[in-house]
Amino acid sequence: MPFISASVISPYNSIRGGAEGGLVPAGLLLDLYPNAEIALDFFKLRTDYNGNCIRVRRPSDDAQLDIGFVDNYIDTASLLTFAGAEDVFIVKRYDQSGNGNDTFVDAVDNQPKIVNAGVLVTEGGIAMGDWDGTNDYLATAAGLNFGTSARSIFTVQKADTIAVSTIVNLASNSTPGGAWLVSPEVGVRAVAQGWISSTPISTNNISLLSNIYIGGDIHSGNSMWIDGSSVTRTSGNDGAINTQNAVLSEGAQSSASNAFDGRKGTLIVYKSDQTANRTAIENIINSNYKIYWDGSQTGLLDDYPNAAAAYSLRALNSAYTGPAIEVRKTVGDETFKLDINFRYDGSLDTASLLSFAEGGDVFVAKWYDQSGGGNNASQVSQSSQASIVLSGVLNTTNGNVAALGTSNTVYVTGYSIFNGADGTYSGFVVSKLTSAFDGVMQLNNLSSGGGGEIFRYFNTSSTTFRVQSWDSGGGAPVLVTEPINANSNAISSFIRRLDSLTTSSNSLTNSLLGLGEPRKNIEDRLTIMGSNVAGFGLESYFSEAILYPSDQTANRAGIEANINKNHNVYWDGSQTGLLDDYPNASAAYSLRALNSAYTGPAIEAMKTVGDETFVQNIGFLYDGSLDTASLLSFAGSDDVFVAKWYDQSGEGNDVAQISQSAQPQIVSSGVVVTTSGNYALDFSGSTKTLVNATFDNSTQVGSVFTIVKSTSLIPQVITDSADLANRQVSGFYAGNPVTFAISKGISIKSATPTNTNMNLLSTFFDVNSDLYLNGVKIINSANAGSNTRQGFTLGSGVGGAASFEGSIFEVIVFDEQNKSSDRVGIETNINNHYTIYP
């Protein structure tokens, strides 16, 4: 069959790097840990190796090509150029050890795939070969004589399906007795007919399996690790290993029986005990394939260390490489448990979690403490454990995995977490309430019957945030009456110092409370997601809790920003909006976030129940969308109106309305107002108007962008001044027939009649004024008068005249600037969000 030189193929290739810093040493793996018997990988493993990575075959013409490395990674550009739109199969994997132990197969039906219809086969973006589970395998030409010597095997694989006795790697002849790795339904196995563990392998993740046999008895001399974590032998036969003249077969026995179904990457075998080097070897492999958290990465506790307890469903600390949680499921009368770890990027290993769930329910039995203090929080009673998977579906909030607690839920640590502390504490909790609730994090002195309880939610009619901290004389706890909204993620912080207490929740106003000297050295243990009193568990999604035995006032903003960036709770200024690209607005009203410099609320919402009026600020979520969950929690099944629309420009030109009858509506009978799929303020009905009496424009120049949808064709005003003698009206409807028009004392009508569509009106006031409708000019350089605006009215003319009927989505005002040069960019940003016109 024809053979093509790789030199005729383009040298371009994607560059892949390893982990930054951390525990991964400089140099390639075999430079640092040499003397492997066989070393196969899609990454270059030895600096002095000048050979190829793989030989591949193209089925259309049976042409073959050797594929080398570019920047220490397989030359994917050459491979894909060779493939075109075809499948490509692996004929040979080249041994980089220097021993010439290549694995190969000539029979085309036995060759694993590397390109599928012109697309590189990958896992997590990394090239891997695809074994079909039927008859694919690659094997060495000659036997490898291991005898009874020690051996160490490192392999990267991802099983698509797992069947009993599926071969991952085998170092044996046809007689069992070699060192090999197997992934049966019940767990993993090392050494044929020998060492077996019931620890399962996920069918959804890449895994790094390591097996070290040091000689002698199979049980005493054999060990296995999955993703750096040791697994325990549960069964197996006794006897020493004796492998003479053993052919190493990848993915199946040499007869193609027991074929592996899945992807394969690294395979490195040493004819020696690599126990001392195991972790370092695994870290290098892991830095290439990005499989699991190994300490070469950093988290929140690296930047803000010395926590006493830290529980999270994301990795927080490079010094902690253990599991996140221990989970439990019950099938019939049998209970199963499994530790769930972190992936390389710090996210929870949800693939392993779902594989464990097998479509059923899974509960959290233990939260592992990532602080390094070993203060794990556990719950043995199944009825008091929070769920994390229900009917095979992950519990999530804001796209992040969360545990869902009930009133019975509580997890308890051991004793003496803060023994010797001076009474100063700081804590940070991420949760999302679902109903009545009480209790998140407590320090309790159960032995004395007293409470060092320092943080909790409290179920009152006003749903408030509560911090309790007894003083040294056993004085009453403190109640902080800041609202916490059900159905909305919250980052709640508290800091208890020697003489005061500060609390906050997202961007709510901090409360500084004067307290007596706190009770010291009384705290014995910590509870999370509940109370030491039964029935007071947090009915909430719960994601994270971090507790410091110190004052973190100086670090609070940084800690909250880190948490928010990962949990996507609220707009915090690390994002950008329209006004970042087009700054210097005088006022900007919207139900989406417009400005990274503005992290305040969008609106002040108001509702009346009976004779009582309730008011609450509603902010933005991390993606800039309106926090409708908080809004709906506030609304219940009631109507909600907007008492104030906050100015996002930074100029403080909010528009407001005291009279509820004149406030535009935002929620109708528990449903958020939407028009054309977008959130809007409803100005329909009797006069609805929002006013700022002091927001003036001292010149004739200005630019106003309004997004509206009218429900009526009668004459009506969108924006105006607040002073009848100094009107400056942008984009209003007037005349007979009704047309779009503008005015600075002289009304200029367009030839375009009004309509009930969603419209973007762009007005440019100057000596001559222009008006654009959905990007098309409909009034050109007209003399609209010379008034300067005094005050600002939104939703009607001055004093409520000619009130607007319909929805207003967004209004942006640039005073003393004609932004016509930025018109296209501003309109494009608005149209991309609202989809107003093609």
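> Could you give me a rundown of the overall build of the protein chain, with the residues and numbers involved?
Counting its secondary structure elements, the protein chain contains ten helices and 68 strands. Relative to its 838 residues, the protein chain shows a buried fraction of 59%. Pairs at least 24 apart in sequence give 70% of the contacts found in the protein chain among residues at least 6 apart. In the form shown here, the protein chain has an accessible surface area of approximately 30,400 Å², with 47% of it arising from carbon and sulfur atoms.

> Explain unusual backbone geometry to me, using residue names and the numbers behind them.
Unusually for a residue other than glycine, Ser 391 sits at a positive phi of about 50°. Its place among the elements puts Ser 391 in the loop between strand E31 (387-390) and strand E32 (393-394).

> Help me get a handle on helix H10 (residues 823-834), residues and values and all.
Between the first and last C-alpha of H10 there are 16 Å, a value that for twelve residues agrees with the 16 Å anticipated at 1.5 Å per step. Every buried residue of H10 is listed here: Arg 823, Ile 826, Glu 827, Ile 830, Asn 831 and Tyr 834. Buried residues in H10, looked at end-on, bunch into an arc of 125°, giving them a common side. Away from the buried face of H10 by more than 90 degrees, exposed residues Val 824 and Asn 832 are located. Of the residues flanking the end of H10, it is Thr 835, one or two places downstream, whose phi is positive at about 50°.

> Can you explain the pattern of salt bridges? Please cite residues and give values.
One pass over the full model with this rule turns up 23 salt bridges. Here Arg 343 and Asp 227 are joined by a salt bridge, their closest N and O atoms 3.9 Å apart. Of this pair, Arg 343 sits in the loop between strand E28 (334-340) and helix H6 (350-357) while Asp 227 sits in the loop between strand E21 (222-226) and strand E22 (229-231), and the two are 116 residues apart along the sequence. Each member of the pair, Arg 343 as well as Asp 227, is classed as buried. Note that Asp 638 is salt-bridged to Lys 607, the shortest N-O span being 3.5 Å. In this pair, Asp 638 is assigned in the loop between helix H9 (628-635) and strand E51 (640-645) and Lys 607 in strand E49 (residues 603-609), connecting sequence segments 31 residues apart. Judged by its relative accessible area of 11%, Lys 607 falls in the buried class. Overlapping salt bridges, with partners in common, bring together Arg 93, Glu 250 and Lys 264 in one network.

> Describe the environment of Met 224, listing the residues and the values that go with them.
Within the secondary structure layout, Met 224 lies in strand E21. Between the C-alpha atom of Met 224 and that of Tyr 213, which follows or precedes it by eleven residues, the distance is 8.8 Å.

> How would you summarise the pairing of strand E37 (residues 425-433) if you had to cite specific residues and measurements?
Most of E37 is tucked away: nine of the nine residues are buried. Across the two faces of E37 the burial is the same, with Tyr 425, Gly 427, Val 429, Ser 431 and Leu 433 and Ser 426, Phe 428, Val 430 and Lys 432 all buried. Bridge count between E37 and strand E47 (residues 540-548): eight bridges; the pairing is antiparallel. Residue Lys 432 lies in a different strand from E47, and its bridge partner there is Tyr 541.

> Can you explain the confidence of the model for the protein chain? Please cite residues and give values.
Residues at a pLDDT of 70 or more form 77% of the protein chain, whose mean pLDDT is 83. Every residue in residues 173-179 is under pLDDT 50, and counting partners more than four places away or in other chains gives 23 contacts. Within the model, pLDDT remains below 50 along residues 505-516, and this stretch shows 42 contacts once partners closer than five positions in the same chain are excluded.

> An account of the pairing of strand E7 (residues 88-93) is needed here, citing residue identities and associated values.
When you tally the buried positions in E7, you get six out of six residues, the bulk of the element. In this structure, strand E3 (residues 54-58) lies alongside E7, joined through four bridges in antiparallel fashion. Residue pairing across strands places Val 56 opposite Ile 90, the latter belonging to E7. Note: E7 against strand E9 (residues 113-116), two bridges, orientation antiparallel. Directly across from Phe 89, in E9, lies its bridge partner Lys 113. In the sheet, E7 pairs with strand E8 (residues 103-104) via two bridges, with the strands oriented antiparallel. What sits directly across from Arg 93, in E8, is Thr 103.

Reading guide: rules and limits
- Residues numbered from 1 in each chain as written.
- Predicted model: local features only at pLDDT ≥ 70, side-chain atom pairs only at ≥ 80, totals over all residues.
- Heavy atoms only, no water.
- Helix = DSSP H or I, 4+ residues; strand = E, 2+ residues; numbered from the N terminus.
- Buried < 20%, exposed > 50% of the residue type's maximum accessible area, 1.4 Å probe, protein only.
- Contact = heavy atoms within 4.5 Å.
- Areas by Shrake-Rupley, 256 points an atom, 1.4 Å probe, with all protein chains shown as cover.
- Expected span 1.5 Å × (residues − 1).
- Arc of directions from axis to C-beta.
- Salt bridge = Lys/Arg side-chain N within 4 Å of Asp/Glu carboxyl O.
- Pairing = 2+ DSSP bridges.
- pLDDT = per-residue confidence, 0-100.

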